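Given next are the chains, with one letter for each unit.
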Amino acid sequence: MAFSIGGLASGLDTASIVEKLVQLERQPIQKLEGQISKLQSIQSVYTSLTTGFIGVQTAARNLSPQKLDQPTVTNGNETAVGVSASSDALDGDHDLIIQQLATAHRIGSQGFEDGHLAPISSSEGTFTVQVGDSGSQISVAVTASTTLNELATAINAADGDVVATVVNDGTVADSYSLVLTSKTTGRNNDIQISSNPTDLEFDNPTIEEASVDTHNAGTYTGTVKSDGTFTGTSRTNYIVQVILSGAAGEATYKFSENGGITWDDNGGAGYGTTVASTALGSDGVTIAFSDGGTLSVGDRFYIDVSVPELQEAKDAVFTLDGIPQTRESNTVSDALDGVTLSLHEADSTSTLKFSLGRSDQVVKDNLQAFVDAYNTLSTSISSKQFYDPDTKETGLLLGDTTTNKVQAMLNSALVEASGGVGTGLRRLVDIGISTNEDGSLSLDTSALQSALDDDRDQVLKVLGSTEATSSVDLEIGFRPKAAEAGTYDVYVTTPASKGQASANQAMEAPLDGDEFLTFTYTNNATAETPTIDTFTVELSEDDNLTTVVNTLNSAFATQGANIVAYADGTMLKFESTFYGADEAFTVVSDRDEALKSTGVGTAIQSGTGVDIVGTINGATTTGDGTFLKVDSENSDLDGLGLDYLGTGTGLVGTFTLTTGASSRFDGLIEDIHEGSSSVIGIRNKGIQRTVDMLVDEIKSQERRVATVQQRIQARFVALEKAMASLNSQALFLTNQLTSLSNNKK
């Protein structure tokens with residue numbers, strides 16, 4: 001409620017006087033609020049610069065060798081082949097002939113009358129399927145009530161290497177088939193069914209019973225019987241149509257093997273509807289008609305022949321630059337270094353041409369984009385640092401120490417020489433970038449072209465950071481931002497190894513009885529409590545070494561165990577898929593070592609890998625498999641990691657790091673504005689702390705002003721009371737004097 005005493009006694013505008021006195025007391029608060037407003041405005045300006053910083057960072061990243069040295073692909077027929085290339089690819093012209101595309105194996109069962117209701121098995125069991133000799137097995141429980149759709153759903157739920165579908169071919173009877181398709185292409189990735197308790201036929205062709213067209217005249221009461229041994233290679237739906245009416249033996253028919261597109265009518269004479277089985281075409285199918293009624297012209301009968309293999313598993317076959325090649329997949333990434341081919345169409349008569357070539361224009365365009373991004377950021381900063389001598393108006397960032405620091409960091413990065421690039425071209429100014437009087441940059445494309453003509457590789461080193469190793473066994477995995485340019489030594493005292501185990505005796509002959517191998521496996525053996533899986537693999541009598549290896553590798557894939565079995569001559573051996581001490585396994589057999597056993601024996605055989613041990617430029621490291629990582633906070637290389645795949649020890653090689661403008665500005669922008677520990681992040685935290693302190697001070701001042709206001713109001717109340725008392729006394733005295741004066745008269 002507003003204070004008002006009205007000045008009834010004093011006649012003063014006390015409310016206005018109190019308000020003005022309080023306003024005077026609030027002046028320090030207003031100054032504090034002004035400080036907060038300015039600080040928050042500075043924060044907003046910093047935020048507005050984010051787009052400019054990101055623009056410079058993005059442009060800097062586009063100066064990396066991966067961007068600038070990316071070859072341009074010229075492809076004469078993108079419909080037939082897709083071509084992509086990385087900076088590892090070499091320039092050149094290439095010829096490609098695609099003779100055959102890789103295909104995925106596809107098989108299908110014979111037809112069933114229904115996909116949802118009709119059971120496909122009369123007993124219980126397990127349907128087991130896999131892709132390839134050593135693929136992961138999919139095992140699905142089957143009961144006497146399992147339907148086609150239920151089996152397909154269960155196979156797909158296993159998320160293995162096979163996709164199951166139920167296809168309706170639209171024929172009159174038994175039109176639903178289970179179709180299995182491999183997820184991977186290639187001739188070795190065929191679908192294999194090792195256990196099939198269902199009535200589905202996946203091994204041999206099936207000549208299904210003849211069915212009657214529902215639109216027939218209905219005058220024929222006999223039956224049509226199909227039989228024979230199919231010798232064709234693809235599914236065939238025969239259509240038999242009567243062309244001359246009569247009883248069986250008198251009527252004649254024509255037939256089609258392609259859905260009625262073409263017909264065979266025996267030269268117009270037709271084929272006889274004999275009671276005895278006669279050939280229907282040339283692929284081993286026979287047909288016979290029993291007596292009963294009259295066959296009418298137009299009557300149709302259908303005989304469907306199912307062949308399990310719907311699509312053969314094939315490798316891609318192609319000729320590249322005159323060299324014939326095959327691959328399991330239509331995506332080929334190892335024929336040319338740094339080049340990936342995506343094969344789309346096969347035509348052995350067509351030569352496809354494509355070429356790879358570097359373009360200096362990419363360097364010019366990306367460097368100009370960097371200059372433009374830098375200038376945009378520079379303009380944004382300068383627009384907040386102005387001073388107008390006429391109006392005395394200043395920008396929010398004029399004299400701001402953080403902004404000055406940022407500008408100094410940017411200027412320093414512009415003139416800094418790229419590290420580890422040798423002599424000659426080393427700085428941005430050497431390749432055509434100059435600084436104007438207003439702080440903006442310019443690119444002299446003629447100077448840049450001259451530098452590219454003289455030493456293109458050196459220009460790329462000035463712009464981008466590179467990593468190179470002296471040995472094919474060394475590969476940089478991670479490079480920390482702080483890693484300085486230079487050449488560093490790699491010493492290995494213990495190379496990484498895989499877990500290995502071997503049978504105790506050679507397997508010279510097939511197994512003379514069933515044998516069970518029991519395995520334990522873990523991929524976190526160094527953990528305090530390792531996770532250990534145990535499983536048993538059944539090997540059958542008469543299995544030879546090849547079959548044993550395939551059965552074991554299939555079981556490993558099914559169990560998710562990173563183990564591979566292989567034959568070393570006639571010796572069965574085991575090895576971890578990955579390197580390192582976390583990979584460990586054991587194997588033991590239920591049979592003693594014998595000539596006709598696997599030779600593993602009843603004594604447990606174990607295999608455990610070893611982690612790499614070594615140093616990088618003398619710095620402390622940790623090993624994980626083949627990966628050696630610097631673990632030293634006192635080293636600029638802290639966090640750097642590399643893979644060593646060799647077996648040697650001692651000085652196994654060196655690696656060389658260079659630092660160009662790309663990584664220099666990328667890291668610089670991160671230091672300036674990314675995160676709370678960046679230059680601007682620290683400044684914003686400082687501003688916020690100051691704002692919080694000022695807010696607290698304002699609250700304190702508000703409390704002080706409220707107290708002062710109350711005190712002033714109390715004094716004016718007292719004044720009014722005193723004035724009222726004096727006025728009352730004055731009135732009394734006036735009345736008394738008036739009374740005395742009247743009495744004297």
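Residues numbered from 1 in each chain as written. Predicted model: local features only at pLDDT ≥ 70, side-chain atom pairs only at ≥ 80, totals over all residues. Heavy atoms only, no water.

1. What about the packing of aromatic side chains?
For any two aromatic rings, the description comes down to two numbers: the centre-to-centre distance and the angle of the planes. What counts here: When two rings of Phe, Tyr or Trp (its six-membered ring) have centres within 6.5 Å they constitute a pair, described as stacked for plane angles under 30 degrees, edge-to-face for angles over 60, and tilted for the intermediate range. Helix numbering and strand numbering both begin at the N terminus, where a helix is a DSSP run of H or I of at least 4 residues and a strand a DSSP run of E of at least 2. Burial here depends on accessible area, computed with a 1.4 Å probe over protein chains only, as a share of the maximum for the residue type. Under 20% is buried, over 50% is exposed, and the range in between is partly exposed.
Applying the stated criterion to the full structure yields 13 aromatic pairs. Here Tyr-220 and Phe-301 contribute two aromatic rings whose centre-to-centre distance is 6.1 Å and whose plane-to-plane angle is 80 degrees, an arrangement assigned as edge-to-face. Residue Tyr-220 is found in the loop between strand S11 (211–212) and strand S12 (224–228), and its partner Phe-301 is found in strand S18 (residues 300–306); the two are separated by 81 residues along the sequence. Neither residue differs from the other here; Tyr-220 and Phe-301 are each classed as buried. In this structure an aromatic cluster arises from ring pairing among Tyr-220, Tyr-253, Phe-255, Tyr-271, Phe-289 and Phe-301.

2. Side note on the nonpolar core
Put simply, the test is: Residues belong to a common nonpolar core when they are buried Ala, Val, Leu, Ile, Met, Phe, Trp, Tyr or Cys residues joined through side-chain atoms within 4.5 Å. In what follows, residue pairs with any heavy atoms lying within 4.5 Å of each other are defined as contacts.
By size, the foremost hydrophobic cluster in this structure holds 56 residues, and its most contacted members are Leu-367, Phe-370, Leu-410, Ile-431, Leu-463 and Phe-665. Elements that contribute at least two residues to this core include exactly helix H1 (14–48), helix H2 (50–61), helix H5 (360–382), helix H6 (401–415), strand S26 (441–443), helix H7 (445–463), helix H9 (661–673) and helix H10 (679–744). Among the elements that take part in this core, H10 stands out by supplying ten residues, more than any other. Those residues in contact with Phe-665 that sit more than four places away from it in its chain are Val-56, Ala-60, Phe-370, Tyr-374, Leu-410, Ala-413, Leu-414 and Leu-428. With 24 residues, the next largest nonpolar core counts Ala-501, Leu-511, Leu-517 and Tyr-521 among its residues.

3. Regarding the side chain of Ser-632
Along the polypeptide, Ser-632 turns up in the loop between strand S39 (627–630) and strand S40 (641–644). Leave out the neighbours within four places in its chain, and Ser-632 touches Thr-620 and Asp-638.

4. Topic: the packing of H2 against H5
Here is the rule we go by: The axes used here are C-alpha line fits, helices contributing only the stretch in contact, and every angle between their N-to-C directions lies in the interval 0 to 180 degrees. Just so you know how the angles are binned, under 35 degrees is roughly parallel, over 145 roughly antiparallel, 65 to 115 roughly perpendicular, and the rest oblique. The hand of a helix crossing depends on one turn: near helix anticlockwise from the far one by less than a right angle means left-handed, and clockwise means right-handed. Classes in brief: Ala, Val, Leu, Ile, Met, Phe, Trp, Tyr, Cys and Pro nonpolar; Asp, Glu, Lys and Arg charged; the others, Gly included, polar.
As a packed pair, H2 and H5 sit with axes 8 Å apart at the nearest point and diverge in direction by 165 degrees. Our classification of the angle between H2 and H5 gives roughly antiparallel. Judged by the twist between their axes, the crossing of H2 over H5 is left-handed. Of the residues in H5, those touching H2 at Gly-52, Phe-53, Gly-55, Val-56, Ala-59 and Ala-60 are Ala-369, Phe-370, Ala-373, Tyr-374 and Leu-377. For the contact of H2 with H5, the per-class residue count stands at nine nonpolar, two polar and no charged.

5. Considerations on the sheet that holds strand S9 (residues 191–195)
Inclusion rule: Strands pair, by our definition, only if DSSP identifies at least two bridges between them.
Ordered in space as S6-S5-S9, the three strands form an open sheet in which the pairing is antiparallel. The open sheet has two edge strands with one neighbour each: strand S6 (138–142) and S9. Averaged over all neighbouring strand pairs, the angle between strand axes comes to 25 degrees, with direction disregarded. Pairing of strand S5 (residues 125–131) with S9, which is carried by four bridges, proceeds in the antiparallel orientation. Bridge pairing in S9 places Gln-130 opposite Gln-192. Docked against the sheet, helix H4 (residues 148–157) engages S5 and S6, running at close to 150 degrees with respect to S6.

6. Quick look at the packing of H5 against H7
Put simply, H5 and H7 touch, their axes get as near as 11 Å, and they point 70 degrees apart. As judged from the angle between their axes, H5 and H7 are roughly perpendicular. Seen along the crossing, H5 lies across H7 with a hand that is left-handed. On the side of H5, the interface is formed by Asp-360, Val-363, Lys-364 and Leu-367, while H7 contributes Leu-448, Gln-449, Leu-452, Asp-453, Arg-456, Leu-460 and Leu-463. Here the contact of H5 with H7 is built from residues that sort into six nonpolar, one polar and four charged.

7. Description of the sheet that holds strand S35 (residues 584–589)
Across the sheet, which stays open at both edges, the four strands sit in the order S32-S31-S35-S36 with antiparallel pairing between neighbours. Sheet topology places strand S32 (533–539) and strand S36 (605–608) at the edges, where each strand pairs with a single neighbour. Across the sheet, the mean angle separating the axes of adjacent strands is 15 degrees when strand polarity is ignored. Bridge analysis of strand S31 (residues 515–522) against S35 gives six bridges, and the strand direction is antiparallel. If you follow Thr-522 over to S35, its bridge partner there is Ala-584. The strands touched by helix H8 (residues 545–559) are S31 and S32; relative to S32, the strand with the most contacts, the crossing angle is about 150 degrees.

8. Regarding unusual backbone geometry
A negative phi holds for most residues other than glycine; trans holds for most peptide bonds. The residue Lys-392 is not glycine, and still its phi comes out positive at about 65 degrees. In this structure Lys-392 comes out as exposed when scored by relative accessible area, which is 55%. Even without a glycine there, the phi angle at Asn-617 is positive, about 55 degrees. Looking at Asn-617, the relative accessible area reads 41%, which means it is partly exposed.

9. Comments concerning the pairing of S18
In terms of residue burial, S18 counts as a mostly covered element, since six of its seven residues are buried. Both strand S10 (residues 206–207) and S18 contribute to a ladder of two bridges, which runs antiparallel. Looking at the pairing, Thr-206 lines up with Ser-306 of S18. Two elements, strand S13 (residues 236–244) and S18, share six bridges in a ladder whose sense is antiparallel. If you follow Gln-241 over to S18, its bridge partner there is Arg-300.

10. Brief notes about H1
Here is the rule we go by: Expected span, for any helix, means 1.5 Å times one less than how many residues it has. We define the bend at any residue as the angle between the axes fitted to the seven residues before and including it, ending there, and the seven starting there.
For H1, spanning 35 residues, the distance from its first C-alpha to its last is 49 Å, which sits close to the expected 51 Å at 1.5 Å a residue. Most pronounced at Arg-26, the bend in H1 amounts to some 40 degrees, and the proline Pro-28 follows within four residues. Residues Thr-14, Val-18, Val-22, Ile-29, Leu-32, Ile-36, Leu-39, Ile-42, Gln-43, Val-45 and Tyr-46 constitute the buried set of H1. Looking at the buried positions of H1, the neighbouring elements they touch are H2, H6 and H10.

11. Looking at the pattern of salt bridges
Condition: Salt-bridge detection follows one rule: a side-chain nitrogen of Lys or Arg within 4 Å of a carboxyl oxygen of Asp or Glu.
Overall, the coordinates contain 16 salt bridges when judged by the stated rule. Glu-670 is the partner of Lys-481 in a salt bridge, and the nearest nitrogen-oxygen pair spans 3.7 Å. Of this pair, Lys-481 sits in the loop between strand S28 (474–478) and strand S29 (486–494) while Glu-670 sits in helix H9, placing them 189 residues apart in sequence. Among the residues examined, Glu-670 registers a relative accessible area of 32% and is labelled partly exposed. When the shortest N-O distance is used, the salt bridge between Asp-512 and Arg-591 registers 2.6 Å. On the criterion of sequence distance, the pair formed by Asp-512 in the loop between strand S30 (498–502) and S31 and Arg-591 in the loop between S35 and S36 is long-range, its members being 79 residues apart. What you see here is one network of salt bridges that share partners, running through Asp-69, Asp-91, Arg-358, Asp-360 and Arg-456.

12. Concerning H7
Operational definition: Under this definition, polar contacts are N or O atom pairs within 3.5 Å; protein pairs additionally need one hydrogen-donor-capable and one acceptor-capable atom, and for neighbouring residues in sequence, both atoms have to be side-chain atoms.
In a regular helix each residue adds 1.5 Å, so 19 residues correspond to 27 Å; H7 covers only 15 Å between its end C-alpha atoms and thus falls short of that length. The sharpest bend along H7 reaches about 120 degrees and sits at Asp-455. When we look at burial in H7, the residues that qualify are Leu-448, Ala-451, Leu-452, Arg-456, Gln-458, Val-459, Leu-460, Val-462 and Leu-463. If you check the start of H7, you find a side-chain oxygen 3.1 Å away from the backbone N of Ser-446, and it comes from Asp-444.

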